[in-house]
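Now for the letters of each chain:
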Amino acid sequence: MMITFLQPCVLKSNNTVSRQQLSRIEKRNHKLCCLPRCYNTRSRSSYFPSWVMHCTERTFVAIKPDGVHRGLIGRTIARLEDKGYSLVALKLLKPSRTLAESHYESLRSKPFFGDLVSFITSGPVCAMVWEGKDVIGQVRKLIGNTDPLTCAPGTIRGDFGIDIGRNIIHGSDSISSAEREIQLWFHSEELVDWNPSLHEWVYEKVFN
């Protein structure tokens, strides 16, 4: 789902966005979403910005036990931050078998299902949620193909992996899987809604 984030507290409106302003946004196929900082719950007043930014899809990313043991958490995060994406949730955990089986539910009929579950529960996993324009597709490109030996240099798996069974990282492959995986690994209160100052330097203005 594509949502348009609003730069908070720039222009004050009378609680609603004007029809003309909303129409201009809708023409760009965005849904309008005010971030929490854009809304004053006490006065019930909202703020309409002088410009909006093209964010925001969310995706689930997990550094698997091999990546955690090899100390690749920091370098993986750096690559996504360098791209311009925003981290909205992060935690280190050792997944339960129930969580792992639910995560790989679509592969339950595959002969390697048991091996997948056993591996991801064998050690700590760094689970994350990232946010930004086309983040699902772009993160998949940054990660690379499932088999590291077929990945281009510069991708995470291409640079750090060799074996398909030790391919470092997982990233959601669609909007529906991202939504499902985020809900599976995180409680809603663990997701941080924020408006990074870098957005102004990553996303161009939609209108003045």
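To be clear, the structure that these remarks concern was listed above.
Residues numbered from 1 in each chain as written. Predicted model: local features only at pLDDT ≥ 70, side-chain atom pairs only at ≥ 80, totals over all residues. Heavy atoms only, no water.

### Regarding helix H6 (residues 135-143)
Phase 1: Among the residues of H6, those classed as buried are Val135, Ile136, Gln138, Val139 and Ile143.
Phase 2: Of the residues one or two after H6, Gly144 is the one with positive phi, at around 100 degrees. (Buried < 20%, exposed > 50% of the residue type's maximum accessible area, 1.4 Å probe, protein only. Helix = DSSP H or I, 4+ residues; strand = E, 2+ residues; numbered from the N terminus.)

### With respect to the side chain of Thr155
Phase 1: Tracing the backbone through its elements, the reader meets Thr155 in the loop between H6 and helix H7 (156-160).
Phase 2: The class for Thr155 is buried, based on a relative accessible area of 10%.
Phase 3: A polar side-chain atom of Thr155 sits 2.7 Å from the main-chain carbonyl oxygen of Ala152.
Phase 4: Among the polar contacts listed, one links the side chain of Thr155 to the backbone nitrogen of Gly158, at a separation of 3.0 Å.
Phase 5: The residues touching Thr155, leaving out its near neighbours within four places in the chain, are Arg79, Lys141, Leu142, Ile143 and Gly144. (Polar contact = N/O pair within 3.5 Å; in protein donor to acceptor, adjacent residues only side chain to side chain. Contact = heavy atoms within 4.5 Å.)

### Comments concerning the sheet that holds strand S7 (residues 57-63)
Phase 1: The four strands lie next to each other as S8-S9-S7-S10, forming an open sheet whose pairing is antiparallel. This sheet does not close on itself; its edge strands, each paired only once, are strand S8 (86-93) and strand S10 (169-171). On average, each strand axis in the sheet is inclined to that of its neighbour by 15 degrees, with strand direction left out of account.
Phase 2: Sheet analysis places S8 next to strand S9 (residues 125-132), joined by seven bridges and oriented antiparallel. Paired with Ala89 across the two strands is Val129, which belongs to S9. (Pairing = 2+ DSSP bridges. Axes fitted to C-alpha atoms, helices over the stretch in contact; angles between N-to-C directions.)

### What to know about the side chain of Glu181
Phase 1: As for its position among the elements, Glu181 is in helix H8 (residues 175-185).
Phase 2: Buried and without a salt bridge, Glu181 has Arg180 as its closest oppositely charged side chain, separated by 4.4 Å.
Phase 3: A polar atom in the side chain of Glu181 sits 2.5 Å from the side chain of Ser172.
Phase 4: Once residues lying within four places of it in the same chain are set aside, the contact partners of Glu181 are Phe60, His103, His170 and Ser172. (Lys, Arg positive; Asp, Glu negative; His and termini not counted. Salt bridge = Lys/Arg side-chain N within 4 Å of Asp/Glu carboxyl O.)

Everything listed is a geometric property; what it means functionally is a separate question.
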